[in-house]
Amino acid sequence: MAASFKPELLPMPVQEIVRNTKEVPDRFIHKNGFPQATLDSVPLMDTLLIDIALISSPSSPSVEAELRKLRSALSSWGCFQVVNHGMTSSFLDEMRHVTKQFFALPFAEKQKYSRKVDDIDGYGNDTIFYEHQTLDWIDRLYLTVYPKNQRKLNFWPEKLSKFSEVIDEYVANLKIMLDVLLKAMARALKLEENCFLNEHGEGSMAARFNLYPTCSTPERVLGAKPHGDRSTITLLLLDKEVEGLQVLKDDNWFKVPVIPHAIFVNAGDLAEIMSNGIIKSAVHRVVTDSERERISLAMFCKPNPNAEIGPLNELINADRPQLYKKVKNYDELFFQHYQLGQRTITAVKL
Ligand SMILES: O=C(O)CCC(=O)C(=O)O
Ligand SMILES: [Fe+2]
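How each quantity is defined
- Residues numbered from 1 in each chain as written.
- Chains lettered and ligands numbered in written order.
- Predicted model: local features only at pLDDT ≥ 70, side-chain atom pairs only at ≥ 80, totals over all residues.
- Heavy atoms only, no water.
- Near = heavy atom within 4 Å.
- Polar contact = N/O pair within 3.5 Å; in protein donor to acceptor, adjacent residues only side chain to side chain.
- Areas by Shrake-Rupley, 256 points an atom, 1.4 Å probe, with all protein chains shown as cover.
- Helix = DSSP H or I, 4+ residues; strand = E, 2+ residues; numbered from the N terminus.
- Nonpolar A, V, L, I, M, F, W, Y, C, P; charged D, E, K, R; others polar.
- Salt bridge = Lys/Arg side-chain N within 4 Å of Asp/Glu carboxyl O.
- Buried < 20%, exposed > 50% of the residue type's maximum accessible area, 1.4 Å probe, protein only.

K.L.:
Break down the site of ligand 1 for me, with residues and values.
P.N.:
Neighbouring ligand 1 are 14 residues, the closest being Tyr212, His227, His284, Arg294 and Ser296. One nitrogen or oxygen atom from the side chain of Arg208 is found 3.3 Å from an oxygen atom belonging to ligand 1. Contact between ligand 1 and Arg294: an oxygen atom at 2.8 Å from a side-chain N or O atom of the residue. Protein burial of ligand 1: of its 300 Å² of free accessible surface, 98% is covered by the chains. Elements that contribute at least two residues to the shell around ligand 1 include exactly β7 (204-212), β9 (233-238), β13 (284-287) and β14 (294-302). No other element matches β14, which puts four residues into the shell around ligand 1. Class assignment for the residues of the shell around ligand 1 results in seven nonpolar, four polar and three charged.

See below:
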């Protein structure tokens, strides 16, 4: 980082840039392009459905097979899609609807919730840490939603009448899903079922409502640069109609199939660290589209920033020595690496 560069925010959201001009400003352009990003030739990844009702009923005869499927998904792809989670399709549509409703508010109204350069919560974009940082074609509203006493209500849109109500219901469902998944991940690795849950602790959940406006040069602009998430796991509600999310496996990109009633789950860097590398943090990126805008709603499930997170002792042995340092406050470390297009987890490898 140039010593003199002070972190700053983009003065105008991408939605407003698109409203004002057809040209994509230079700071969003990946100079070398990435020809395979938008081409139809990017193959679809495996569907990888995990039935969460099945894995949460230990007496079911097919639970072991489902856990094997989970282990394989976590260690090869780092992601899967959860079905049978008890949330109705119409409720998931309602979540997509409130996301769209927020971005449809007048700019002046959204501006009331603008984030500050030194805080993540609020409406806006990435912090610009470096002069030559290539920016993402995305606007978002980031809200800490759990636990309730960490909410910063001044960033919560008050014009949307049902916003808090639907968020509360969604968070309650995802909190249960998180606990079931963390236990299932331990069982899938043949560990005591609370070991990931205990390492993760009570933690927090942060919602990121994402909008990717249409982009006239999708072959040179990304909605999100390649990254592994800074969470233990991320629970993601995808746009029902517009694809855009891609996952990296063995150096090749794959499109994530849209399954409207499913929740896409990806292991984050902290799950990779806790599992001493057995679980893979899925590297993913978002491409842009010249005709259709896209939304998504990511829920990052994160440990307490002051907690020290490291590989579980049960997963360190002579054959598998400790691969990662213990880490604290991973968020902070993450952002500076991300903006340079680097992986944070590489920096904490031993
Ligand atoms: O929009 C998506 O599908 C993915 C979003 C994402 O990767 C993120 O918010 O970390
Ligand atoms: Fe992500």
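K.L.:
Tell me about the pattern of salt bridges, and please be specific about residues and values.
P.N.:
Counted according to the given criterion, the structure contains 21 salt bridges. In this structure, Glu8 and Arg27 form a salt bridge, with 3.8 Å as the shortest nitrogen-oxygen distance. With Glu8 in strand β1 (residues 8-9) and Arg27 in the loop between α1 (14-20) and β2 (49-51), this pair connects stretches of sequence that are 19 residues apart. Given the relative accessible area of 32%, Glu8 is considered partly exposed. Its relative accessible area of 35% is what places Arg27 among the partly exposed residues. One salt bridge connects Lys302 with Asp331, and the closest N-O pair in it is separated by 2.9 Å. A residue pair is termed long-range when its members are at least 10 positions apart, and Lys302 in strand β14 and Asp331 in helix α9 (residues 330-338) qualify at 29 residues. Exposure class is identical for Lys302 and Asp331. Each is buried.

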